[in-house]
Amino acid sequence: MTLRNRSLTAINDFTISQWNDILEIAQKIKTQGVANVDRTLGNTLVATLFFEPSTRTRLSFEAAALRLGAQTLGFTDAAATSVAKGESLEDTIRMVAGYSDAIVIRHPESGSAARAHAVSTVPIINAGDGANEHPTQTLLDLFSIKETQGRLDNLTIGFAGDLRYGRAAHSLMKAVAKYGNNTLRLIAPKQIETPKELLSYFDENNTGYTQSSDLLEATQDLDILYLSRIQKERFDSNADYEAVKNVYCFGEPHMAVTKDNFRLLHAFPRVNEIDTALDTHPKSYYFEQAANGVPLRMALLHSILA
Ligand code: CP
């Protein structure tokens, strides 16, 4: 089924076959070089509405749109829009849908992308809604896992850090649970462990998982470790955040016990989850992962809009 004019508010809005199609297009774009592809989106306007800060997602979406010949409009500070006068999310979306061909939205509230989709006449792409989901990050994460492991099934994948509020981790967990025979190692202290609904989802999808809090021990049999920043902005109190803020820092002792094919991923921004001495380690793949955001988002925009 074509993705033309489809919204992506949650990773499961698309099927596994559609994820694979997007990864394949992204691979072709990466191989060809992002500067060399046809400008299939001339005369197209992509709006980027960022109600929360972003570096990678907004700039890689804008780079992707511009590389495809589209133009962009939008805001990075809702306080400078009529939201500051009390305008609702729904009315903001209705207006911008009249000015553009697709809307990329990041918003602090879970479910905001689905709300936007409900009133929009153009496709909505979720660039992160609260602690809920970050589906385009997941597509580039899948791309990076496939690039490093050669497959998306039969893997042991660790998720460590803020598994309660980390939306990038949530969407990726949902995706990898759909591929065959993956095992998840969920590594977090009690306060920020994986939500129960996700554990039920793993059961429904016959995906095995373990839960623990010992990062060093859990690292040893992993193919991939997906580290997550502790999401300070989502905690109820500063005291709760302070209690877990330095829970994990992946360093040389951790890297020393990893398998040969192991790769370390992080959606970024990072605070202190990774010893920067590992930045040039051949198993650290997080900078390549971030760069994959451009070909992947080009593939997505092309699929939806071309
Ligand atoms: N990975 C990611 O969402 O980064 P930004 O918050 O910088 O967009």
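Everything below is about the structure shown above.
These remarks concern the structure in this document. (Residues numbered from 1 in each chain as written. Predicted model: local features only at pLDDT ≥ 70, side-chain atom pairs only at ≥ 80, totals over all residues. Heavy atoms only, no water.)

Comments concerning the sheet that holds strand β5 (residues 156-161)
To summarise the sheet geometry, strands pair through backbone hydrogen bonds and adopt either a parallel or an antiparallel arrangement.
Okay, step 1: Taking strand neighbours across the sheet as the criterion, the five strands line up as β7-β6-β5-β8-β9 in an open arrangement whose pairing is parallel. Taken across any chain shown, the strands that pair with only one partner, and hence form the sheet edges, are β7 (208-212) and β9 (263-266). With strand direction ignored, the average angle separating the axes of adjacent strands in the sheet is 20 degrees.
Okay, step 2: Note that β5 and strand β6 (residues 183-187) share five bridges and pair parallel. (Pairing = 2+ DSSP bridges. Helix = DSSP H or I, 4+ residues; strand = E, 2+ residues; numbered from the N terminus. Axes fitted to C-alpha atoms, helices over the stretch in contact; angles between N-to-C directions.)

Remarks on the site of the ligand
Okay, step 1: Taken together, Ser 54, Thr 55, Arg 56, Thr 57, Arg 106, His 134, Gln 137, Ala 267, Phe 268 and Pro 269 make up all the residues around the ligand.
Okay, step 2: A distance of 2.8 Å separates a nitrogen atom of the ligand from a polar atom in the backbone of Ala 267.
Okay, step 3: Phe 268 places a main-chain nitrogen or oxygen 3.1 Å from a nitrogen atom of the ligand.
Okay, step 4: Across the complex, the protein chains shield 92% of the 250 Å² of accessible surface that the ligand would expose by itself.
Okay, step 5: Grouping the constituent residues of the shell around the ligand by class yields three nonpolar, five polar and two charged.
Okay, step 6: Counting residues domain by domain, the shell around the ligand receives three or more from each of domain 1 (11-133 + 293-305) and domain 2 (135-290). (Near = heavy atom within 4 Å. Polar contact = N/O pair within 3.5 Å; in protein donor to acceptor, adjacent residues only side chain to side chain. Areas by Shrake-Rupley, 256 points an atom, 1.4 Å probe, with all protein chains shown as cover. Nonpolar A, V, L, I, M, F, W, Y, C, P; charged D, E, K, R; others polar. Domains from an automatic or database assignment.)

Section: the sheet that holds strand β1 (residues 45-50)
Okay, step 1: Read across the open sheet, the four strands follow the order β2-β1-β3-β4; overall the sheet is parallel. One side of each edge strand has no neighbouring strand; the edge strands of this open sheet are β2 (71-75) and β4 (124-129). Adjacent strand axes in the sheet meet at a mean angle of 15 degrees when their direction is disregarded.
Okay, step 2: As defined by bridge partners, strand β3 (residues 102-107) adjoins β4 across four bridges and the pair is classed as parallel. Each bridged residue has a counterpart across the sheet, and for Val 104 the counterpart in β4 is Ile 125.
Okay, step 3: Of the strands in this sheet, β1, β2, β3 and β4 are in contact with helix α3 (residues 89-97), which crosses β3 at around 155 degrees. (Contact = heavy atoms within 4.5 Å.)

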